[in-house]
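For reference, the chains in residue letters:
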Amino acid sequence: MAWLRTLARSSRSLLSSKPSPRRLSGFRSAATVAGGGGFFSGLGSTEAGKDKPRLVVLGTGWAGCRLMKGIDTKLYDVVCISPRNHMVFTPLLASTCVGTLEFRSVAEPVGRIQPSISSAPGSYFFLARCAAIDPDSHTLHCETVTDGSARDTLEPWKFKVSYDKLVIASGAEASTFGIHGVREHAIFLREVHHAQEIRRKLLLNLMLSDVPGISEEEKRRLLHCVVIGGGPTGVEFSGELSDFIIRDVHERYSHVKDYIHVTLIEANEILSSFDVRLRTYATKQLTKSGVHLVRGIVKDVQPQKIILSDGTEVPYGLLVWSTGVGPSPFISSLQFPKSPGGRIGVDEWLRVPSVQDVFAIGDCSGFLESTGRSVLPALAQVAERQGKYLAGLLNQIYRAGGGHANRAANLELGAPFVYRHLGSMATVGRYKALVDLRQSKEAKGLSLAGFVSWFIWRSAYLTRVISWRNRFYVAINWATTFVFGRDISRI
């Protein structure tokens, strides 16, 4: 990576000559010496009049990537810090679990979204996690990310990054509600590696169930796919899975086709944010596709079964957990005011009001109660539009003379952020989908269900895919699946 090469060059220069202040304007020398040679603690502070102000973005989700796409890199050096180097197009992630789409079709490299982090002298991408924020010194404490495998001998190391403007867009994590065994035995559906794990587990169970000597009871358990959570992600995954069973499993695994089935467990109504008529349609469509809908609350998760609050035991071979999101431990650890639900509290301009030059957007942020606004839902369209708004605001702040640290306190920021809901969509399998264009649950608006909605759903998401490269991948994958069926290779 460019920043590592810069570290190496700077280290060699230090060993051979006395460092000049200009040479160390980018990377600050650490006070510790290891192995007889100096090393650096990271990126030092910028100098007004000499350097461009540094914008640091934590996270590569919808909010962070839309911000980086819209920021003017002639004004700012952009440093992105994240444990992944790509953005995930989450609305299509469920399709990758069963082979409708390939994994690379939903992953967009950050370097394609904002090319300057790969080429501009002062802009970087760091594969790392932020461990702490010191707002007084405008400094981040970070730690690199490694594979974590047994064969990985590279130890993570810590470094610091100074910022002029900081945008926290690190997202949220799946909510387990403190239920025992969820993290150990269930698979979430938020990242590409989650979809890969689901696909491998599903195909492994299909192949193992066909091996001679397995009991009928064990075969039924292995081929029982249980989905917890009746939101859009859980419903769409259940629909994709039922499609996979009807169109592919029945043809290619005919010996076990009568054993595989899907159960969707939800504590209340499925798709509770959708119109009542659409919820009824989704229930009928999923039931027709063979999905067993169960209303219940999970009490305990064990290695081969879950236990509901009424004592019912549900054996499973594959357990997918999709019950919403909550603040991550990192967000909870920050000493910033919190909004209801534990997110970072922000004002109408998405600033963290208790500190200078810090903003928060996406699933990790929410309006403070003092603003009189309700906390926005954890949706991709919310995060994307916050990122777009904040990019324009930061460009405006620079042009008003507030780009560097501690210079934007008294600036007029203009219009605050306003969110208008554009509607919701969800597919339920078998070329059927739901489109709800109401701006809220109480408002009136257009609601559609059926094949036309499915066509709208696919067309809308195809146009929302970030790059033409990935749009081409998605279109080709859809066409290939339609003609030849899904890929069932376990790789």
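All of these numbers come straight from a predicted model, not from anything done at the bench.

Judged by pairing direction, the sheet is antiparallel, and its three strands sit side by side in the order 16-17-18 without closing on themselves. Either end of the sheet is taken by a strand with one partner, and the two such strands are strand 16 (298-301) and strand 18 (313-315). Going from strand to strand, the sheet's axes swing by 25 degrees on average, the running direction of each strand aside. Examined bridge by bridge, strand 16 and strand 17 (residues 305-308) share three bridges and lie antiparallel to one another. Looking at strand 17, one finds that Val301 is bridged to Ile306.

What follows covers the packing of aromatic side chains. Summed over the entire model, instances satisfying the criterion amount to nine aromatic pairs. Judged by centre distance (5.6 Å) and plane angle (20 degrees), the rings of Tyr124 and Phe126 are stacked. Per residue, the accessibility class of Tyr124 equals that of Phe126, and both read buried. Following the ring pairs from residue to residue traces out a cluster consisting of Trp62, Phe89, Trp457 and Tyr461. Geometry around Tyr473 places Arg104 over its ring, the cationic atom sitting 4.3 Å from the centre.

On average, residues of the protein score 89 in pLDDT, and 91% of them are at 70 or above. pLDDT under 50 marks residues 1-39. Its contacts with residues more than four places away, or in other chains, come to 55 contacts.

This part covers the pattern of salt bridges. As enumerated under the stated definition, the model contains 17 salt bridges in all. We note a salt bridge from Asp243 to Arg486, for which the minimum N-O separation is 4.0 Å. In this pair, Asp243 sits in helix 9 (residues 232-252) while Arg486 sits in the segment after helix 14 (468-484), placing the two residues 243 residues apart along the sequence. The two residues Asp243 and Arg486 agree in class, both being buried. One salt-bridge network, in which partners are shared between bridges, spans Glu240, Asp243, Asp248, Arg252 and Arg486.

Parameters at a glance
Residues numbered from 1 in each chain as written. Predicted model: local features only at pLDDT ≥ 70, side-chain atom pairs only at ≥ 80, totals over all residues. Heavy atoms only, no water. Pairing = 2+ DSSP bridges. Helix = DSSP H or I, 4+ residues; strand = E, 2+ residues; numbered from the N terminus. Axes fitted to C-alpha atoms, helices over the stretch in contact; angles between N-to-C directions. Phe/Tyr/Trp six-rings, centres within 6.5 Å; stacked < 30°, edge-to-face > 60°. Buried < 20%, exposed > 50% of the residue type's maximum accessible area, 1.4 Å probe, protein only. Lys NZ or Arg CZ within 6 Å of the ring centre and 35° of its normal. pLDDT = per-residue confidence, 0-100. Contact = heavy atoms within 4.5 Å. Salt bridge = Lys/Arg side-chain N within 4 Å of Asp/Glu carboxyl O.

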